[in-house]
Amino acid sequence: MAESWVFGANDPELGFGLNHLPFTAFVDPTSGRRRLAAGIGACLLDLVAAEDVAQFPSTMDEWMRQGPDAWAALRASLQYLLSRENKDRKVLEAALLPIAGTVLENPCAIRNYTDFYASRNHAMRVGEMFRPEKPLLENYDWVPIAYHGRASSVVSSPAAVRRPMGQIRGDVRPRFGLTERLDYELELGYFLGTENPLGEPVPVADADKRLFGLSLLNDWSARDIQSWEYQPLGPFLGKNFCTSVSPWVTPMAALEPFRCSAVAHPEGMLGYLQEAGQGVSLRLEVRLSTAKSRARGMADFTITRTDSAELYWTPAQMVAHHTSNGCNLLAGDLLGSGTVSGATREEAGCLLELTALAPFSLPNGEMRQFLEDGDEVTLVGWGEAAGEIPVRLGDCRGRVNVTPGSR
Ligand code: MN
């Protein structure tokens, strides 16, 4: 990949090279208007201000609907304009601004949110807690399990997460109060681009090219509300109080070097899910800071390291399954992977699993079973391949029970 002339673009630590070019939106401080931008190095390229040198989309959703050829053309154009080969930089230089200090938002309107359950390790360990004799339900190996979440409460990182109230199981009768079991879920969020009409399923072999990009996603969960309400219709208020996504959408094209073989299904799978395409291997971490650790100036504690390569279903299978009954997916629909958990408990993507046997102690001596007020969770992810600048996904950060704007 060619080098870029933009400050920080060739820095492997930043992971925002010419091979990445994620999209975001920012609020222009002078006009207060929302503008689309691409990330390069330590900068944002304001796509409105750069309009004189190329045709850029004015709204993300319309452009995402146009499909992979339009996406590839814009990507190639940006890669050339921002490379050292391009000597005509005047307009572009004026359209660059530092990322630091800007308020970022997800670039597209999130139309619908569906959350899958694609980590077999996660399903197995959560199942063990409730049904030790038969942790996995009989459908797990056949059905890419999911539920319809709520788009209105999907917010951009950094999120101020309010500890929700809800019904909680009691000894004699339930009570209504603040959740005492607030948790995060480390997930990948896939953004749909090209749409399928209602009634027309997407064949699995065509599914990958409908996905536009990916962001880190935190499916905040209130475990006590969830465990009391989830039968018989599944997750509801234990989930829909907040879901946060990184404001950066990494194009699927940037993740090509990190695609990996789909996970084997020893029992086989039904025909419409075969030709699964590939998975995505991204290194993922969950980092935690507390009010006390920040007051002492300590760095975030990394509490989980895992990889998305082990997800049991590929993104193509999720799209094929979601549309197999004719359900129509829209540009800007968000598909969560489900909690990404590795084979060992230390690689678990949520506290429900990490602290199932016992609370853990943080390096500063504090104990945690679930999140406390002031805790801040940061999801971090990146792809690494030989000879490439790493592609670092935008962080997904949220702090529990702090006043918005006070960070
Ligand atoms: Mn989830």
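Residues numbered from 1 in each chain as written. Predicted model: local features only at pLDDT ≥ 70, side-chain atom pairs only at ≥ 80, totals over all residues. Heavy atoms only, no water.

K.L.:
Sorry, what's going on with the overall build of the protein chain here?
P.N.:
Of regular secondary structure, the protein chain possesses nine helices and 27 strands. The C-alpha radius of gyration of the protein chain comes to 21 Å, within 12% of the 22 Å expected for a compact globule of 407 residues. In terms of overall dimensions, the protein chain has a C-alpha envelope of 70 × 55 × 40 Å along the principal axes. Across the 407 residues in the protein chain, those meeting the buried criterion constitute 54%. Element-wise, carbon and sulfur atoms account for 52% of the exposed surface of the protein chain, whose accessible area totals about 17900 Å². Counting 38 positive and 50 negative side-chain charges, the protein chain places the averaged centre of each group 5 Å from the other. (Helix = DSSP H or I, 4+ residues; strand = E, 2+ residues; numbered from the N terminus. Rg over C-alpha atoms; globule rule 2.2 N^0.38 Å. Buried < 20%, exposed > 50% of the residue type's maximum accessible area, 1.4 Å probe, protein only. Areas by Shrake-Rupley, 256 points an atom, 1.4 Å probe, with all protein chains shown as cover. Lys, Arg positive; Asp, Glu negative; His and termini not counted. Charge placed at Lys NZ, Arg CZ, Asp CG, Glu CD.)

K.L.:
Explain the environment of Y80 to me, please; I cannot follow it from the model alone.
P.N.:
Tracing the chain through its elements places Y80 in helix α2 (residues 68-81). Given a relative accessible area of 42%, Y80 falls into the partly exposed group. A C-alpha to C-alpha distance of 43 Å links Y80 and T344, two positions 264 residues apart in sequence. Not counting residues up to four positions away in its chain, the partners in contact with Y80 are E85 and N86. (Contact = heavy atoms within 4.5 Å.)

K.L.:
Any chance you could explain the sheet that holds strand β2 (residues 34-40) here in plain terms?
P.N.:
To summarise the sheet geometry, strands pair through backbone hydrogen bonds and adopt either a parallel or an antiparallel arrangement. Read from one edge to the other, the open sheet built from five strands follows the order β4-β3-β2-β1-β5, with strand pairing classed as antiparallel. Lying at the two open borders of the sheet, with one neighbouring strand each, are β4 (96-98) and β5 (104-105). Pairing between strand β1 (residues 23-27) and β2: five bridges, direction antiparallel. Across the sheet, residue F26 finds its bridge partner in β2, namely R35. (Pairing = 2+ DSSP bridges.)

K.L.:
Looking at this structure, I do not really get unusual backbone geometry. What am I missing?
P.N.:
For residues besides glycine, phi is generally negative; the peptide bonds are generally trans as well. For the bond running from S157 to P158, omega is 0°, close enough to zero to count as cis. With respect to the helices and strands, P158 occurs in the loop between β8 (154-156) and β9 (159-161). Of note, the bond from Q231 into P232 is cis; its omega dihedral lies within 30 degrees of zero at 5°. Phi is positive for E275, which is not a glycine, with a value near 55°. Along the chain, E275 falls in the loop between β18 (259-260) and β19 (279-280). Residue class for E275 comes out exposed when judged on its relative accessible area of 63%.

K.L.:
Is there a simple way to think about the nonpolar core in this case?
P.N.:
What tends to happen in soluble globular proteins is that the nonpolar side chains get buried as a cluster. Y190, L282, I303 and L371 are the most contacted members of the largest nonpolar core, which totals 59 residues. Each residue touching L371, except ones within four places of it in the same chain, is listed here: R163, L182, D183, Y184, W220, L288, L351, V377 and V400. Ranked by size, the runner-up nonpolar core spans 41 residues in total, among them W5, L18, F191 and V245. (Core = buried A, V, L, I, M, F, W, Y, C linked by side-chain atoms within 4.5 Å.)

K.L.:
Just to check I follow, could you spell out the pattern of salt bridges for this structure?
P.N.:
Two side chains carrying opposite charge are able to pair once their charged atoms lie near each other. Evaluated as defined, the whole model comprises 24 salt bridges. E180 serves as the salt-bridge partner of R175, at 3.6 Å between the closest nitrogen and oxygen. A salt bridge links K239 to E185; the shortest N-O distance between them is 3.0 Å. On the criterion of sequence distance, the pair formed by K239 in the loop between α6 (223-229) and β16 (243-245) and E185 in the loop between β12 (182-183) and β13 (186-192) is long-range, its members being 54 residues apart. Across the pair, E185 and K239 agree in class, each one buried. Within the structure, one salt-bridge network assembled from shared partners comprises D183, E185, D219, R223 and K239. (Salt bridge = Lys/Arg side-chain N within 4 Å of Asp/Glu carboxyl O.)

Nothing here speaks to function; it is all geometry.
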